[in-house]
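Here's the letter readout for the chains.
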Amino acid sequence: MKIKRSERLVDMVIYFLQNPNTTTPLNYFSDKFVAAKSSISEDLTIIKHTFEENNMGSLVTYAGARGGVQYQPYYEDKQLKKEILHLKNEINGSKRLLPGGYIYTSDLLSEPKWLKRIGKVIASKYLTEEVDAIMTIATKGVPIAQATAYNLNVPFVIVRKSSKVTEGSTVSINYLPRSSSEKVEKMELSKTSLKEGSKVLIIDDFLRGGGTITGLERMAEEFNCEVVDSVVFLEHNSKISNESYHSLLKVTSVDEEDRTIEVDIGNFLSL
């Protein structure tokens, strides 16, 4: 049965939103909807225009025998800055300072509406990069890594501080969580989690001393993988060179009595 164009468009939009960065042959749509490729091409033009007009990303068409169409979710630079400013305004003046100089962000990183935006913000900068996997450390970096991995359509691996029997054999390294720390900690990753030679994007929620990011970079090296970049959601008094990572936001001042913080945009937009 032939489907009306309006119904076909809705179905195709849903498909693209559920399958970001997946190349789909035009034959898939023409067979599914019993429609000529010329009609499908017209549909794709309409959807592409709608996505771009609404800052949802775009459709990219690849020619050739193995070609097809791919939905790439991203923010244009102007919208990208707006999204980070929304996050900045949500945090500024809020009571988030914790003992030891840590910052409470669990409320934001458990909210789907914020996670979707954070994941899309990060993914926007790496669409043209070759990324094979996202790497993060348990636990608070996991939701950000998952949201980013969804938009890039790549797997994500979780480095743990202690392995479980279900992980099988693991690679283990020791690291200093802070540059000034004397306490050595351990991180482990299952040997089957990451393919040798993968290009890895490291993601974490919070950066202070920089030891965790350095540890994750060393872990990637143990698997003979290349680190594309390291991205953190929020940094505070970082002790490492900001050329080795990119942050969405950075703490600029704290009021220890009121436990409030002020933040500004980090160096992520300089990518």
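Structure first, text after, so check above.
Note that the coordinates shown come from a computational prediction; the quantities given were computed from them, not determined experimentally.

(A) How the structure looks around the overall build of the chain. If you tally the helices and strands in the chain, you get 7 helices and 10 strands. Seen along its three principal axes, the alpha-carbon backbone of the chain occupies a region of about 70 × 45 × 30 Å. Put simply, the chain has 271 residues, and 47% of those count as buried. A sequence separation of at least 24 residues applies to 63% of the contacts in the chain between residues at least 6 apart. Accessible area for the chain stands at about 14000 Å²; split by element, carbon and sulfur atoms hold 47% of it. Across the chain, the mean location of the 34 positive side-chain charges is 4 Å away from that of the 36 negative side-chain charges.

(B) The sheet that holds strand β9 (residues 246–255), seen in detail. Read from one edge of the open sheet, 6 strands run β4-β3-β7-β8-β9-β10, paired in mixed fashion. The open sheet terminates on both sides in strands that have one partner only, identified here as β4 (156–159) and β10 (260–265). The average angle at which neighbouring strand axes cross in this sheet is 25°, direction not considered. Sheet analysis places strand β7 (residues 199–207) next to strand β8 (residues 226–235), joined by 8 bridges and oriented parallel. Note that in β8 the partner of Val200 across the bridge is Val227. Contacting β8, β9 and β10, helix α4 (residues 77–91) runs over the sheet at an angle of about 170° to β10.

(C) Looking closely at the pairing of strand β2 (residues 68–72). Here β2 lies mainly inside the structure; 5 of its 5 residues are buried. Of the pairings in the sheet, the one linking strand β1 (residues 58–62) to β2 comprises 5 bridges and is antiparallel in character. Residue pairing across strands places Thr61 opposite Val69, the latter belonging to β2.

Thresholds, definitions, all that
Residues numbered from 1 in each chain as written. Predicted model: local features only at pLDDT ≥ 70, side-chain atom pairs only at ≥ 80, totals over all residues. Heavy atoms only, no water. Helix = DSSP H or I, 4+ residues; strand = E, 2+ residues; numbered from the N terminus. Buried < 20%, exposed > 50% of the residue type's maximum accessible area, 1.4 Å probe, protein only. Contact = heavy atoms within 4.5 Å. Areas by Shrake-Rupley, 256 points an atom, 1.4 Å probe, with all protein chains shown as cover. Lys, Arg positive; Asp, Glu negative; His and termini not counted. Charge placed at Lys NZ, Arg CZ, Asp CG, Glu CD. Pairing = 2+ DSSP bridges. Axes fitted to C-alpha atoms, helices over the stretch in contact; angles between N-to-C directions.

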